[in-house]
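Structure at a glance
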Amino acid sequence: LEAAGFTDVATYLNSGNATMTAPGRSSAARVTAVVAGHVAATVGRPVDLLVRTHAQLTETIAANPYPVDRPAWLHVLFCEPKPDAGCTVPAQKLGPDGFTVGPGCVYLNFVTSPGRSRLADLVSKAALPDGGVATARNWNTVLALAERTA
């Protein structure tokens, strides 16, 4: 990414998260296009990715409707395009888990184990009925990415 003109490039964990400074690029859409093109050229195929600015991450954090008593069980499903605000999933499929659509994302509140729940899959299909890109991060990761982009 440094070869594409980004600075302060760093990865976070081993989960596909990268933070960077984007001199001269004012929008997440522009950064997405440049990064996607660079990664595709590097790996030899197109890749789906999402970019969130520090402002978008802090907005996501501020809008969280759930308590954060178990941060590893609260996930944010970042979506592009924006998720359908009226999306629903039948209660019998959700079980005790819940979700709320937020700004460019869906908050996933797990009561059962995130590893065993079908919540992310069900919600991503409902929130992006015409397709798109979605990726989930747990609350600890969202907070760390916001801190690293400050």
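Structure: see above.
Here goes a summary of the coordinates provided.

Rules behind the numbers
Residues numbered from 1 in each chain as written. Predicted model: local features only at pLDDT ≥ 70, side-chain atom pairs only at ≥ 80, totals over all residues. Heavy atoms only, no water. Helix = DSSP H or I, 4+ residues; strand = E, 2+ residues; numbered from the N terminus. Rg over C-alpha atoms; globule rule 2.2 N^0.38 Å. Areas by Shrake-Rupley, 256 points an atom, 1.4 Å probe, with all protein chains shown as cover. Lys, Arg positive; Asp, Glu negative; His and termini not counted. Charge placed at Lys NZ, Arg CZ, Asp CG, Glu CD. Pairing = 2+ DSSP bridges. Axes fitted to C-alpha atoms, helices over the stretch in contact; angles between N-to-C directions. Contact = heavy atoms within 4.5 Å. Buried < 20%, exposed > 50% of the residue type's maximum accessible area, 1.4 Å probe, protein only. Polar contact = N/O pair within 3.5 Å; in protein donor to acceptor, adjacent residues only side chain to side chain. Salt bridge = Lys/Arg side-chain N within 4 Å of Asp/Glu carboxyl O. 1 Å grid on protein atoms, 1.4 Å probe; cavity = no way out; pocket = protein on both sides within 12 Å on 5 of 7 lines; lining within 4 Å. Points joined across faces, edges and corners; volume = space filled by probe spheres on them. Core = buried A, V, L, I, M, F, W, Y, C linked by side-chain atoms within 4.5 Å.

Before going further, it helps to spend a moment on the overall build of the protein. Looking only at helices and strands, the protein has 5 helices and 6 strands in total. Start at the N end of the protein and walk to the C end: the helices and strands fall as β-β-α-α-β-α-β-β-α-β-α. For a compact globule of 150 residues, the expected C-alpha radius of gyration is about 15 Å, and the protein comes in at 16 Å, within 12% of that figure. Looking at the protein as shown, the accessible area adds up to about 8300 Å², and 52% of this sits on carbon and sulfur atoms. Between the centroid of the 12 positive side chains of the protein and the centroid of its 11 negative side chains there is a distance of 5 Å.

Spatial ordering of the open sheet is given by 4-5-3-6, a layout of 4 strands whose pairing is antiparallel. Looking at the sheet topology across the chains shown, the edges are occupied by strand 4 (98-102) and strand 6 (133-138). Sheet twist, expressed as the mean angle between neighbouring strand axes with direction ignored, is 20°. One ladder, built from 5 bridges, connects strand 4 with strand 5 (residues 105-109); its direction is antiparallel. Paired with G98 across the two strands is N109, which belongs to strand 5. Relative to the sheet, helix 5 (residues 139-149) contacts strand 3 (74-80), strand 5 and strand 6, its axis offset from that of strand 6 by approximately 95°.

Within helix 5 the residues assigned to the buried category are W139, T141, V142, A144, L145 and A146. On its buried side, helix 5 packs onto strand 1 (7-12), strand 2 (17-21), helix 2 (54-62), strand 3, strand 5 and strand 6. Its side-chain oxygen placed 2.9 Å from the backbone nitrogen of N140, N138 serves as the N-cap of helix 5.

What follows covers the pattern of salt bridges. Applying the stated criterion across every chain yields a total of 2 salt bridges. Across the pair R52 and E80 runs a salt bridge, and its minimum N-O distance is 3.9 Å. On the criterion of sequence distance, the pair formed by R52 in the loop between helix 1 (28-43) and helix 2 and E80 in strand 3 is long-range, its members being 28 residues apart. Residue classification places E80 among the partly exposed positions, given a relative accessible area of 42%. A salt bridge links D121 to K125; its shortest N-O distance comes to 3.3 Å. One end of the pair, D121, and the other, K125, are both in helix 4 (residues 119-127), 4 residues apart, so they sit about a helical turn from each other.

Now for the layout of surface pockets. In this structure, the largest pocket spans a volume of roughly 830 Å³. Around the largest pocket, the lining is made up of 31 residues, and of these A18, M20, L50, V51 and R52 lie nearest the centre. Mapped by element, the contributors of at least two residues to the lining of the largest pocket are strand 2, helix 1, helix 2, strand 6 and helix 5. In terms of residue count, the dominant contributor to the lining of the largest pocket is strand 2 (5 residues).

The next thing to look at is the side chain of R137. In this structure, R137 sits in strand 6. This buried residue, R137, is left without a salt bridge; D48 holds the nearest opposite charge, at 12 Å. At a separation of 2.7 Å, a polar atom in the side chain of R137 contacts the side chain of N17. Leaving out residues up to four positions away in the same chain, R137 has contacts with S15, G16, N17, L74, H75, V76, F78 and V142.

Right, let's get into the nonpolar core. Counting 15 residues, the largest nonpolar core has L77, V89, F99, V106, L108, L119 and V123 as the members making the most contacts within it. When residues of this core are traced back to their parent elements, those giving at least two are strand 3, strand 5 and helix 4. If one sorts the elements of this core by residue count, helix 4 sits on top with 5 residues. Setting aside chain neighbours within four positions, we find V106 in contact with H75, V76, L77, C79, P83, F99, T100, V101, V123 and A127. Of all hydrophobic cores here, the second largest spans 13 residues; its members include V76, W139, A144 and L145.

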